[in-house]
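Below are the chains, spelled out letter by letter.
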Amino acid sequence: MRFLRGLLLPLVALVGFTFARSSTGDSVLVLLDPSLKRDNFSIFFGDLEKQGYKLTFRSPKDAEPKIIKDEVAQFAHVIVFSPNTKSYASDITPQSLVTLLNKNTNLLLALSPKQTPLTSLAAEFSLILPPPGTPLISHFPQRDTPATVIPVEPPHGNSIITPGLSPVWFSGVPQALGTNPQLDPLLKAPPQSFASDAESDSGADVLVEAAEKGGEGLWAGSQLSLVTGFQTLKNARATWVGGVELFSDEFINKEVAKGKPSGNRQFARDVAAWTFQESQVLRIDSVEHHRVNETLPRETYTINDRVTYTAYISKYNPELDIWEPYSGLKDLQLEFTMLDPHIRTTLPPDPKEPGKYSLTFRVPDRHGVFKFVINHKRKGLTYLESSTIVPVVPPRHDEYPRFLSAAWPYYAGAISTSAAFVIFVALWLAGEEREPKKNKGSKAE
C-alpha cells in the first residue's frame, strides 16, 4: 500500500491544485467589526480566497449564520476582526469560542487596546494584557510614523514563519505570556519598545526604575509577544494578534525603507496557514509491533523478548492536499510503560523508508500490563500521541531453559546422591549370603 502511495505522489503532483488547502476544511467565518471596511483588508482576504477558502462575512451582532448549530460547528475556521465590539450576538461568547476549539475549529483573533470581551477570553489562554488604553510604543528606529506604528523584525529560525522576511509593521497591544507550555510566540516586541498610555517619554523614568528592579508590571522589551499561537491538546489552533492593522492593506503596502516593501503580506499568510492547519501538521498513520524475526503482532509478550516497534508518520502537503511520509523528526521518543516508564528511548527514522520510525529493544524482566506510548509535543507542530496496550507474561512451563548454568552445583549434588544410592543398593543386593549356624544342643534324628 505504501509502495502504491509512493507511485501515485508524482501523478497527484501533476494534476494537483495550484493553491493550498487546510487539512481540516476550507469554510471560514469572518466576524468583521462594522467600523472596519472589508476593502481595507482586500489583499489578505483575497489571498485566502485564492488559496481555496470560502469566506463568509458576518457582523459580530448579527444572528446569522450561526457558528454552532445542533451542537455542530458550522465552520472549520473563524476569524474575529472586531477590535471595537463590546457586545456580540448570543451565539458568540467567550465560552462558545472555547467550545469551537474543543470541536477542532481554529480561531484567528485580533485584540485592541480597548476593553472588549476578547480581553477576558485572553486570560483563559494564559495571556496577560496591559491595562486598557496602553498600546505598544517605540521611538526606535527613527521614522516618520507615529510611535505606535512600529516595524518589528520577524523571528529567525521559526519553522512557522518564512525565513528572510522584511520587518513587519505593527500597531496594537502586547501580551505577556503565562506559564502555559502550549503558547508559542510568533512575533516578539522589539527590545526598546514598551506599553504606555502616552506617546511621550514622560514615563521613561518609571520604566527605567522598573527595569532595574525587575519587578512585576514591567511592560517593556522582547519579553512581550505581539502575535501568539496556542494549540490545544486536540490540536485545534488559536492565534492572538495584538492589532488588526497588521492584516490591513495599508500596512501590507507600506514600505519599511525606500524601495523595500514590508513583510506583512507573507507574515499574515504564514500566520493564517499555521492557524488553519495548513503548515506544520503531522499525524501517525499506523503503528506496528512484533518479535524479532516475526512479522505479526502477538497478543502477549514474554519477559526478555526482543521486540521491534514501528511508527509511520506523515505530514500534510497543502499544495497537493495529500499526506506525505515525513522523516524530519529527530527527537521522537518511545516509552514502554507500566504506570511509570520502564523504557524511554529515541525512536529514530529509518533511512531506508521515508516516514518510518523503528526501534528494537528488550522487554523488561517484569510481567504486567504495559503500553507502547508516543507522546510528542513540540511548539508549532501537531501533537502526536499513540498508546498501544500489550500484556507481558512470564515464560510458560515449557519455555524455560532445560539446564541453567547457575544450577550446576545442585545438578551435581542430585546426580551424586542418586549414584551413591544406586551403588549402595547394588552392593547390598550383591553381597555374600551365609547359612545360619545350628545350635550345639540339638539332637540328631
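Refer to the structure printed above.
Notes on the structure follow.

With that out of the way, let us pick up the layout of surface pockets. In this model, the largest pocket occupies a volume close to 410 Å³. Along the walls of the largest pocket sit 25 residues, with Pro 141, Pro 151, Val 152, Glu 153 and Pro 167 positioned nearest its centre. Of all the elements in the fold, those that place two or more residues in the lining of the largest pocket are strand E9 (150-152), strand E12 (183-188) and strand E16 (255-257). No other element matches the four residues that E12 contributes to the lining of the largest pocket. A breakdown of the residues in the lining of the largest pocket according to their chemical character gives 14 nonpolar, four polar and seven charged.

This part covers the pattern of salt bridges. All told, the structure shown has 15 salt bridges when counted by the stated rule. A salt bridge links Asp 26 to Arg 21; its shortest N-O distance comes to 2.7 Å. Asp 26 gets classed as buried once you look at its relative accessible area, which sits at 17%. With a shortest N-O distance of 3.3 Å, Arg 291 and Glu 294 are connected by a salt bridge. Using a relative accessible area of 22% as the deciding quantity, one classes Arg 291 as partly exposed.

Next up on the list: unusual backbone geometry. Between Glu 64 and Pro 65 the backbone carries a cis peptide bond, its omega angle lying at -10°. Structurally, the position occupied by Pro 65 is in the loop between strand E2 (54-58) and strand E3 (68-69). In this model, Gln 277 sits at a positive phi of 60°, which is unusual for a non-glycine residue. Counting through the fold element by element, Gln 277 comes out in the loop between helix H7 (264-275) and strand E18 (282-291). With phi around 60°, Asp 321 is a residue other than glycine that occupies positive phi space. Along the chain, Asp 321 falls in the loop between strand E20 (306-317) and strand E21 (322-325). For Asp 321, a relative accessible area of 37% gives the class partly exposed.

Before going further, it helps to spend a moment on a nonpolar patch on the surface. There is a patch of nonpolar side chains on the surface, built from Phe 424, Trp 428 and Leu 429 and spanning about 450 Å² of accessible area. Along the chain, the position of Leu 429 falls in helix H8 (residues 408-429). We classify Leu 429 as exposed; its relative accessible area is 67%.

With 41 residues, the main nonpolar core has Phe 44, Leu 48, Ile 79, Phe 81, Leu 246, Phe 247 and Phe 267 as its most contacted residues. With residues near it in sequence (within four places) discarded, Phe 44 still touches Ile 79, Phe 81, Leu 108, Phe 247, Asp 249, Ile 252, Ala 268 and Ala 272. In terms of nonpolar packing, the next biggest core, distinct from the first, is built from 26 residues, Ile 67, Leu 129, Leu 183 and Ala 238 among them.

Take the packing of helix H2 (residues 42-50) against H7 next. Taken N-terminus to C-terminus, the directions of H2 and H7 make an angle of 50°; their axes are 11 Å apart at the nearest point. When the axis of H2 is compared with that of H7, the two are oblique. As H2 runs across H7, the sense of the crossing is right-handed. On H7, the residues touching Ile 43, Phe 44, Asp 47 and Leu 48 of H2 are Arg 265, Ala 268, Arg 269 and Ala 272.

For the rest of this paragraph, the subject is the environment of Lys 379. Examined against the element boundaries, Lys 379 turns out to sit in the loop between strand E25 (368-376) and strand E26 (384-393). When its relative accessible area of 53% is taken as the criterion, Lys 379 is described as exposed. Beyond its immediate sequence surroundings of up to four residues, Lys 379 is in contact with Pro 181, Leu 183 and Asp 184. At 3.3 Å, the side chain of Lys 379 and the backbone oxygen of Leu 183 are in polar contact.

Before going further, it helps to examine the packing of helix H3 (residues 94-102) against helix H4 (residues 117-124). Direction vectors running N to C along H3 and H4 enclose 45°, while the axes themselves pass 10 Å from each other. Compared by their axis directions, H3 and H4 come out oblique. Both H3 and H4 take part in a crossing whose hand is right-handed. Here Pro 94, Leu 97 and Val 98 of H3 lie close against H4, whose contacting residues are Pro 117, Leu 118, Ser 120 and Leu 121.

Once that is clear, we can look at the pairing of E2. Each regular strand shows side chains that alternate between the opposite faces of the sheet. As paired elements, strand E1 (residues 27-32) and E2 share five bridges and run parallel to each other. Residue pairing in the sheet places Ser 27 in a bridge with Lys 54 of E2.

This part takes up the sheet that holds strand E22 (residues 333-338). The five strands are arranged E19-E26-E25-E22-E23 in an open sheet whose pairing can be described as mixed. At either end of the open sheet lies a strand with only one pairing partner, and these are strand E19 (301-302) and strand E23 (340-346). Pairing of E19 with E26, which is carried by two bridges, proceeds in the parallel orientation. Note on E26: the bridge partner recorded for Tyr 301 is Val 392.

A few words on H4. The complete set of buried residues in H4 reads Leu 118, Thr 119, Leu 121 and Ala 122. Projected down its long axis, H4 carries its buried residues within an arc of 165°, all on one side. Facing away from the buried side of H4 by over 90 degrees, the exposed positions are Ala 123 and Glu 124. If you follow the buried residues of H4, they end up packed against strand E5 (77-81), H3, strand E6 (106-110), strand E7 (127-128) and strand E15 (237-241). The first or second residue beyond H4 is Ser 126, which carries a positive phi of 65°.

Another aspect to go through is the packing of aromatic side chains. Evaluated as defined, the whole model comprises 19 aromatic pairs. Look at Phe 361 and Phe 372: their rings are 6.2 Å apart centre to centre, the planes differ by 75°, and that puts the pair in the edge-to-face class. Placement of the pair is Phe 361 in strand E24 (residues 356-362) and Phe 372 in strand E25, with a sequence separation of eleven residues. Each member of the pair, Phe 361 together with Phe 372, is buried. Centre to centre, the rings of Trp 408 and Tyr 411 are 5.3 Å apart; their planes meet at 85°, and the pair counts as edge-to-face. One end of the pair, Trp 408, and the other, Tyr 411, are both in helix H8, three residues apart, so they sit about a helical turn from each other. When its relative accessible area of 22% is taken as the criterion, Tyr 411 is described as partly exposed. What links up through ring pairs into an aromatic cluster is the set Phe 41, Phe 44, Phe 45, Phe 57, Phe 81 and Phe 247. Stacked on the ring of Trp 169, the Lys or Arg Lys 254 has its end atom at 5.1 Å from the ring centre. For the cation-ring pair, Lys 377 lies above Tyr 383, with the distance from its terminal atom to the ring centre recorded as 5.7 Å.

Procedures and definitions
Residues numbered from 1 in each chain as written. Predicted model: local features only at pLDDT ≥ 70, side-chain atom pairs only at ≥ 80, totals over all residues. Heavy atoms only, no water. 1 Å grid on protein atoms, 1.4 Å probe; cavity = no way out; pocket = protein on both sides within 12 Å on 5 of 7 lines; lining within 4 Å. Points joined across faces, edges and corners; volume = space filled by probe spheres on them. Helix = DSSP H or I, 4+ residues; strand = E, 2+ residues; numbered from the N terminus. Nonpolar A, V, L, I, M, F, W, Y, C, P; charged D, E, K, R; others polar. Salt bridge = Lys/Arg side-chain N within 4 Å of Asp/Glu carboxyl O. Buried < 20%, exposed > 50% of the residue type's maximum accessible area, 1.4 Å probe, protein only. Patch = residues over 30% accessible without salt bridge, like charges linked within 9 Å, V, L, I, M, F, W, Y side chains within 5 Å. Areas by Shrake-Rupley, 256 points an atom, 1.4 Å probe, with all protein chains shown as cover. Core = buried A, V, L, I, M, F, W, Y, C linked by side-chain atoms within 4.5 Å. Contact = heavy atoms within 4.5 Å. Axes fitted to C-alpha atoms, helices over the stretch in contact; angles between N-to-C directions. Parallel < 35°, antiparallel > 145°, perpendicular 65-115°, else oblique. Left-handed = near helix turned anticlockwise from the far one by under 90°. Polar contact = N/O pair within 3.5 Å; in protein donor to acceptor, adjacent residues only side chain to side chain. Pairing = 2+ DSSP bridges. Arc of directions from axis to C-beta. Phe/Tyr/Trp six-rings, centres within 6.5 Å; stacked < 30°, edge-to-face > 60°. Lys NZ or Arg CZ within 6 Å of the ring centre and 35° of its normal.

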